[in-house]
Amino acid sequence: MTEGSSPLLVAFDLDDTLAPSKSQIDPRIGELLVALAERVEVAIISGGQLAQFTTQVVDRLPDASPTAISRLHLLPTCGTQYYRLTEDGVTTVYAHSLTDDQKTRALAAVEGEARRLGLWEAETWGDILEDRGSQITFSALGQRAPLHAKTAWDPTGEKKSLLRAAVAERIPDLEVRSGGSTSVDITHRGIDKAYGMRQLSEQTGISLDDMLFVGDRLDPDGNDYPVLAMGVTCHAVDGWEDTARFLEALIPTLPERPTL
């Protein structure tokens with residue numbers, strides 16, 4: 001965006017930006033997202049699956065006008081799936097799934113390397129491996145692991161980086177990247193949050209220059225960094241409370257605009 005201009009679309013990371021990891025949004029964030037959607041298009045891009053978006057965000061939103069609802073865009077698995085909200089619920093724009101062969105090889109590679117490296121935990125909170133259709137996800141402590149356990153498992157990120165590199169060597173035709181604090185994600189090649197932003201631009205007709213992205217991992221090793229690297233205007237936050245403060249300052253500055 002040029003200096004002094006207002007975004008036409010604001011996109012957010014989910015975990016640790018809008019809510020603590022795998023947790024529901026605070027009512028304050030719900031109210032702010034609806035208020036923002038009264039003025040601009042609002043998107044959420046995350047490596048998580050649609051069920052997480054629904055549980056963490058959609059089900060926690062306060063009552064909203066048809067205009068605000070129509071401006072909400074959901075991009076699970078970094079944009080390999082795209083959904084819009086309507087008054088009748090969530091509708092699919094597209095979903096680009098992995099083939100059965102790709103899924104089989106991805107699951108075998110990540111489990112094999114995790115076991116070889118001693119990163120396959122015996123006691124977990126839920127399944128370690130998850131087929132999300134367009135993405136295979138390894139969660140070292142399981143999908144429902146509490147935040148304190150996830151934070152303690154790999155505080156430096158060394159374990160996750162080691163696993164990511166090892167898996168990538170076994171399946172060079174697929175993309176292997178760090179996901180959340182204890183997760184590794186496998187998708188079609190070239191899939192990251194920059195891909196999701198490009199899909200948003202293509203689907204909405206809004207230029208990337210008119211978008212703003214808000215995330216907590218914009219550092220070079222973070223999974224939000226590809227958005228910054230592609231030249232989209234970004235705002236770094238440290239947790240959902242920081243996001244709330246940013247939105248409370250931003251929303252009053254935005255003019256109301258017609259629905260796409």
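Before going into details, it helps to say that this report is about the structure given with it. Remember, it's a predicted structure, so these values are computed and weren't measured experimentally.

### A few points about the side chain of Asp224
Relative to the elements of secondary structure, Asp224 occurs in the loop between strand 10 (211–215) and helix 8 (225–229). What makes Asp224 buried here is its relative accessible area of 0%. From its side chain, Asp224 meets the backbone nitrogen of Asp216 in a polar contact 3.1 Å long. Within polar-contact distance, the side chain of Asp224 engages the backbone nitrogen of Arg217 at 2.9 Å. Ignoring sequence-local partners within four residues, the contact set of Asp224 consists of Asp13, Lys193, Phe213, Gly215, Asp216, Arg217 and Leu218.

### A few points about the packing of helix 1 (residues 27–37) against helix 9 (residues 240–250)
The geometry of helix 1 relative to helix 9 is characterised by a closest axis approach of 10 Å and an angle of 35° between their N-to-C directions. The handedness of the crossing between helix 1 and helix 9 comes out as left-handed. For the pair formed by helix 1 and helix 9, the contact residues are Arg28, Ile29, Leu32 and Leu36 on the first element and Trp240, Glu241, Thr243, Ala244, Arg245, Leu247 and Glu248 on the second. Looking at the contact of helix 1 with helix 9 residue by residue, the classes come out as six nonpolar, one polar and four charged.

### Some points on the pairing of strand 5 (residues 89–95)
The sheet contact formed by strand 4 (residues 81–86) and strand 5 spans six bridges and is antiparallel. Pairing of Tyr83 across the sheet is with Thr92, part of strand 5.

### Structural notes on the sheet that holds strand 1 (residues 9–12)
Strand order in the open sheet formed by seven strands is 5-4-3-2-1-10-11, and the pairing between neighbours is mixed. Each edge of the open sheet carries a strand with a single partner, namely strand 5 and strand 11 (233–236). On average, each strand axis in the sheet is tilted by 25° relative to the strand beside it, whichever way the strands run. Here strand 10 runs beside strand 11; their pairing, made up of four bridges, is parallel. Pairing of Leu212 across the sheet is with Thr233, part of strand 11.

### Some remarks on the environment of Thr156
With respect to the helices and strands, Thr156 occurs in the loop between helix 5 (147–153) and helix 6 (158–170). By relative accessible area, Thr156 is classed as exposed at 66%. As for Thr156 and Ser181, which are separated by 25 residues in sequence, their C-alpha atoms are 9.8 Å apart.

### Quick notes on helix 1
For helix 1, the complete set of buried residues consists of Ile29, Gly30, Leu32, Leu33, Val34, Leu36 and Ala37. Here the buried face of helix 1 lies against strand 1, strand 2 (41–45), helix 3 (66–70), strand 3 (72–75) and helix 9. For helix 1, the N-terminal cap is Asp26; the gap from its side-chain oxygen to the backbone nitrogen of Arg28 is 2.9 Å.

### Re the packing of aromatic side chains
Tallying each qualifying case throughout the model produces two aromatic pairs. When the centroid spacing of 5.7 Å and the interplanar angle of 75° are considered together, the rings of Tyr82 and Tyr94 count as edge-to-face. Of the two residues, Tyr82 is situated in strand 4 and Tyr94 in strand 5; the sequence distance between them amounts to twelve residues. Residues Tyr82 and Tyr94 agree in their burial class; the two are buried. With a centroid separation of 6.3 Å and an interplanar angle of 45°, the aromatic rings of Trp120 and Phe138 are classed as tilted. Placement of Trp120 in the loop between helix 4 (100–116) and strand 6 (129–131) and of Phe138 in strand 7 (residues 136–139) is noted, with a sequence separation of 18 residues between them. The exposure class of Trp120 is partly exposed, given its relative accessible area of 24%.

Scoring rules and cut-offs
- Residues numbered from 1 in each chain as written.
- Predicted model: local features only at pLDDT ≥ 70, side-chain atom pairs only at ≥ 80, totals over all residues.
- Heavy atoms only, no water.
- Helix = DSSP H or I, 4+ residues; strand = E, 2+ residues; numbered from the N terminus.
- Buried < 20%, exposed > 50% of the residue type's maximum accessible area, 1.4 Å probe, protein only.
- Polar contact = N/O pair within 3.5 Å; in protein donor to acceptor, adjacent residues only side chain to side chain.
- Contact = heavy atoms within 4.5 Å.
- Axes fitted to C-alpha atoms, helices over the stretch in contact; angles between N-to-C directions.
- Left-handed = near helix turned anticlockwise from the far one by under 90°.
- Nonpolar A, V, L, I, M, F, W, Y, C, P; charged D, E, K, R; others polar.
- Pairing = 2+ DSSP bridges.
- Phe/Tyr/Trp six-rings, centres within 6.5 Å; stacked < 30°, edge-to-face > 60°.

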